[in-house]
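Here's the letter readout for the chains.
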Amino acid sequence: MADSSWTPSQLTRRSLLGAAPAAVLGASLFSSDLLVSQAHAAGTRDSRLQRWSGAGWSAGTHDGTRVSSQGLYLSAARRTASYRDTHAGRTQTHGIATWTGPVVATGVAASELIPSWNCSTQPGSAVRVLLRARTSAGTWSRWFVLGLWGSSSASAVSPTRTTYAGQSDTVARVATDTLVARSGSFSHYQTRLELTRTSGTTAMPIVQQLAVVASTSRPTTTPVSPVGVARGRSLTVPAYSQMLHVGHYPAWNGGGEAWCSPTSTAMVLDYWKAGATGAALDWVRPQPHVDPQVEQVVRGVWDAGFRGTGNWAFNVAYASARGLQGFVTRLRSLNEAERFIAAGIPLIISASFSSTQLTGAGYGTNGHLMVIRGFDANGHVLVNDPASGMKASNSLVPRTYNRAQFESAWGRSGGTTYVIHPRGHALPSRPTGAAW
C-alpha cells in the first residue's frame, strides 16, 4: 500500500531504526495439538479468500469472454476504447472483452480488499483488474482499477504494466495493490476483468485464476500461536541477498533496499525450479553477475505507476507467468503457516517491526518481504531474509527469528502472504475460516 505508512515491502520507504542485538531465542515454546481455531481466538484479525478458476468462471457474466481448459480468454472484443499510455507516451486503441464476477459477501468486517491473479499475455494484450465494494450501510463505491497487467516483455504494441495512484471516492481509496475502506467496513465486493488487445493484433490474454482476500484491521501485536505440524521442518530454499544488487538498474529503483519483494520471489521461483536460467539472463549487467535471476524478476514485476517492485499482486502474477500458480492472502497465525511448510510450500510474507521488535534482524522497517522456509525444534521461525542484516552476503540470508516476535511483526501487515506453488501441488488442508 504505497500511499500509507504500510508499504508493500519497499525498503526504500522504511525507517531504519537502529541495530538489534544478537539473537536470543529463549526457551522452548509450548507445544500443543490444539485446533487452529484456538490460535485464532487469541488474535484480533480475520480474513476470507474467494478464488475463481475453471468451472468457477461460470458464476460471472461474460461479454466477449469464454472459458477453455487454459482459462478465461478473449473470444471477441465487444467494444473498443482509446488508451493513453502515459508511461510510453503513446495512445492506442484497445479491443475489450469483459468478465464481471458475482457480488460476494466479505464474511468479515473488512477494512481492506486485495485482488491477485494468474494469467498469460502475449505481446499486445493485457488484463485490467477492477474492484468495487459496498459498505455495511449499503453504499457502493465506484469501480476502481487495481492494475493493468501484461506479462510479456516490453514492445511497441504492449501497454505498460501499471497501477493508478489517486483513485478514491467517499467509500474507498486505492493504495497501489489494496482497496481500503475510508470509514467503517466493507460487507460485499464485486470484481471485473477486462481482457484487452491492441487493435491490429491477434494477441490472446488468458486468465487462469482470480482471487480476492477480504481482511479486518491489522493489530499492533499478535499473541503467539501454538507450535504445530512443521516443528523441525526446513525447506531448501536458495538464499539471495537483495543487498548484493545495490546500485543496479537505477531506473528500477537501483537495487538494494528497494528489492526485497522480487528477491524473495526469485528465491521461491528457484525453489520450484521455475526461475529463468542460461541465455535468458544474458541481458543482465554487469557481467559476470551474482544472482541475475533477481534482476529478471525485477524487470517482470516493475509497476510503472507505483515506481516500484513491491506490488503484491504483480509478484504473484509474474510467478504465474513462469508456469506456477499463486495468490495473495492474509493468514491468521504461524500455526496456519506451518501447514504450508509441512506441505512443502514456502511462503513469502510481509512484516513490519522496529529495531527492538525482532531480535537479530539488525534493522527496522515499516514494510519488508521475506521467505518463511521452516521452523526449528522449538517452533521458532526459519526464514530467508533478503535484507541480510543490511549486509551484502547470501550466507547471512538464512535466519532464525523468535516465534512470538515474528508473529507480531507479520501480524502488523495483517498476515500478508504470497502463496506460490506448481499447478497440481496440493495445498494443505484448510481449517474453518482460513483464507486459502
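Note that this is a predicted model, so its numbers are computed, not measured.

1. Considerations on the packing of helix 2 (residues 260-271) against helix 3 (residues 293-301)
The N-to-C vectors of helix 2 and helix 3 enclose an angle of 115°; their axes lie 8 Å apart at closest approach. Considering their axes alone, helix 2 and helix 3 lie roughly perpendicular with respect to each other. Judged by the twist between their axes, the crossing of helix 2 over helix 3 is right-handed. Where helix 2 approaches helix 3, its residues Pro262, Thr263, Thr265, Ala266, Leu269 and Asp270 are matched on the opposing element by Gln293, Val294, Val297, Val298 and Val301. Class assignment for the residues of the contact of helix 2 with helix 3 results in seven nonpolar, three polar and one charged.

2. Topic: the sheet that holds strand 15 (residues 324-330)
Pairing is antiparallel across the open sheet formed by six strands, whose spatial order is 15-20-16-17-18-19. The open sheet is flanked by strand 15 and strand 19 (398-401), the only strands paired with a single partner. Taken pair by pair, the neighbouring strands of this sheet meet at an average axis angle of 35°, ignoring direction. Strand contacts of helix 2: strand 15, strand 16 (347-353), strand 17 (365-375), strand 18 (381-384) and strand 20 (416-422), with the helix running at about 15° to strand 17, the strand carrying the most contacts. In the packing of helix 6 (residues 403-411) onto the sheet, contacts are made with strand 16, strand 17, strand 18, strand 19 and strand 20, and the angle to strand 16 comes to roughly 90°.

3. Considering the packing of aromatic side chains
In this structure the tally under the stated criterion is 11 aromatic pairs. Taking 5.3 Å as the distance between ring centres and 25° as the angle between the ring planes, the aromatic pair formed by tyrosine 249 and tryptophan 252 counts as stacked. By relative accessible area, tryptophan 252 is classed as buried at 17%. With centroids separated by 6.3 Å and ring planes inclined at 20°, the aromatic side chains of tyrosine 401 and phenylalanine 406 adopt a geometry described as stacked. Residues tyrosine 401 and phenylalanine 406 agree in their burial class; the two are buried. Pairwise contacts between aromatic rings join Trp52, Trp57 and Trp99 into one cluster. The ring of tryptophan 410 is capped by arginine 45, whose NZ or CZ atom sits 5.5 Å from the centre of that ring.

4. Let's talk about the pattern of salt bridges
Considering all chains together, one arrives at eight salt bridges under this definition. Two residues, aspartate 46 and arginine 48, come together in a salt bridge whose shortest N-O distance is 2.8 Å. Glutamate 338 is the salt-bridge partner of arginine 403, the closest N and O atoms lying 2.9 Å from each other. Here the residue arginine 403 occupies a position in helix 6, and glutamate 338 occupies one in helix 5 (residues 334-342), the gap between them amounting to 65 residues. Taken as a pair, arginine 403 and glutamate 338 share a single burial class, namely buried. Taken together, the salt bridges that share partners define one network made up of Arg79, Arg128 and Glu194.

5. Observations concerning helix 5
Since one α-helical turn is 3.6 residues long, residues separated by three or four positions face the same way. Where burial is concerned, most of helix 5 is hidden: seven out of the nine residues are buried. For helix 5, the full list of buried residues reads Leu334, Asn335, Glu336, Ala337, Glu338, Phe340 and Ile341. Its side-chain oxygen at 3.3 Å from the backbone nitrogen of asparagine 335, serine 333 defines the N-terminal cap of helix 5. At the exit of helix 5 stands glycine 344, carrying a positive phi of roughly 85°.

6. Description of unusual backbone geometry
Following arginine 285, the chain continues into proline 286 via a peptide bond in cis, with omega recorded as 0°. The topology assignment puts proline 286 in the loop between helix 2 and helix 3. The peptide bond linking glutamine 287 to proline 288 adopts the cis configuration, its omega dihedral lying at -5°. A positive phi angle, near 60°, is found at threonine 176, a position not held by glycine. Within the secondary structure layout, threonine 176 lies in the loop between strand 11 (172-175) and strand 12 (178-181).

7. Examining the pairing of strand 6 (residues 90-100)
Each regular strand displays side chains that alternate between the two surfaces of the sheet. Of all 11 residues in strand 6, eight are buried; the element is thus mostly enclosed. Of the pairings in the sheet, the one linking strand 2 (residues 61-63) to strand 6 comprises three bridges and is antiparallel in character. Note on strand 6: the bridge partner recorded for histidine 62 is tryptophan 99. Pairing between strand 5 (residues 79-85) and strand 6: seven bridges, direction antiparallel. Among the inter-strand pairings, aspartate 85 is bridged to a residue of strand 6, identified as arginine 90. Counting the residues that bridge the hairpin from strand 5 to strand 6 gives four residues, and of these glycine 89 lies at a positive phi of roughly 70°.

Parameters and conventions
- The residue count restarts for each chain, going from 1 along the sequence in the order it is written.
- A pLDDT threshold of at least 70 governs which residues receive local features in this predicted model, and a stricter bar of 80 or more applies before side-chain atom pairs are shown or counted, although totals over entire chains, interfaces and linings include all residues.
- Derived side-chain values reflect all non-hydrogen atoms in the structure, with water molecules and hydrogen atoms excluded from consideration.
- Geometry is summarised by axes, namely lines fitted to C-alpha atoms with helices restricted to the contacting stretch, and by angles between N-to-C directions that run from 0 to 180 degrees.
- Secondary structure elements are taken from DSSP: a helix is a run of H or I of four residues or more, a strand is a run of E of two residues or more, and numbering for both begins at the N terminus.
- In these notes the angle categories are as follows: under 35 degrees is roughly parallel, over 145 is roughly antiparallel, 65 to 115 is roughly perpendicular, and the rest is oblique.
- By definition, turning the near helix anticlockwise from the far helix through less than a right angle yields a left-handed crossing, and turning it clockwise yields a right-handed one.
- The contact rule is simple, with two residues in contact once any of their heavy atoms fall within 4.5 Å.
- Polar here means any residue outside two lists: the nonpolar Ala, Val, Leu, Ile, Met, Phe, Trp, Tyr, Cys and Pro, and the charged Asp, Glu, Lys and Arg; Gly therefore counts as polar.
- Note on pairing: DSSP must find at least two bridges between two strands before they are called paired.
- Aromatic contacts are taken between Phe, Tyr and Trp rings whose centres are within 6.5 Å, Trp giving its six-membered ring; a plane angle under 30 degrees counts as stacked, one over 60 as edge-to-face, and the others as tilted.
- Per-residue accessibility, obtained with a 1.4 Å probe over protein chains only, is compared with the maximum for each type, and a residue is labelled buried under 20%, exposed over 50%, and partly exposed between these values.
- We call a charge positioned above a ring when the Lys NZ or Arg CZ atom is no farther than 6 Å from the ring centre and deviates by at most 35 degrees from the ring normal.
- Every case where a carboxyl oxygen of Asp or Glu lies within 4 Å of a side-chain nitrogen of Lys or Arg is listed as a salt bridge.
- Nitrogen and oxygen atoms within 3.5 Å of one another constitute a polar contact, given that in protein one can donate a hydrogen and the other can accept it, and given that sequence-neighbouring residues count only through two side-chain atoms.

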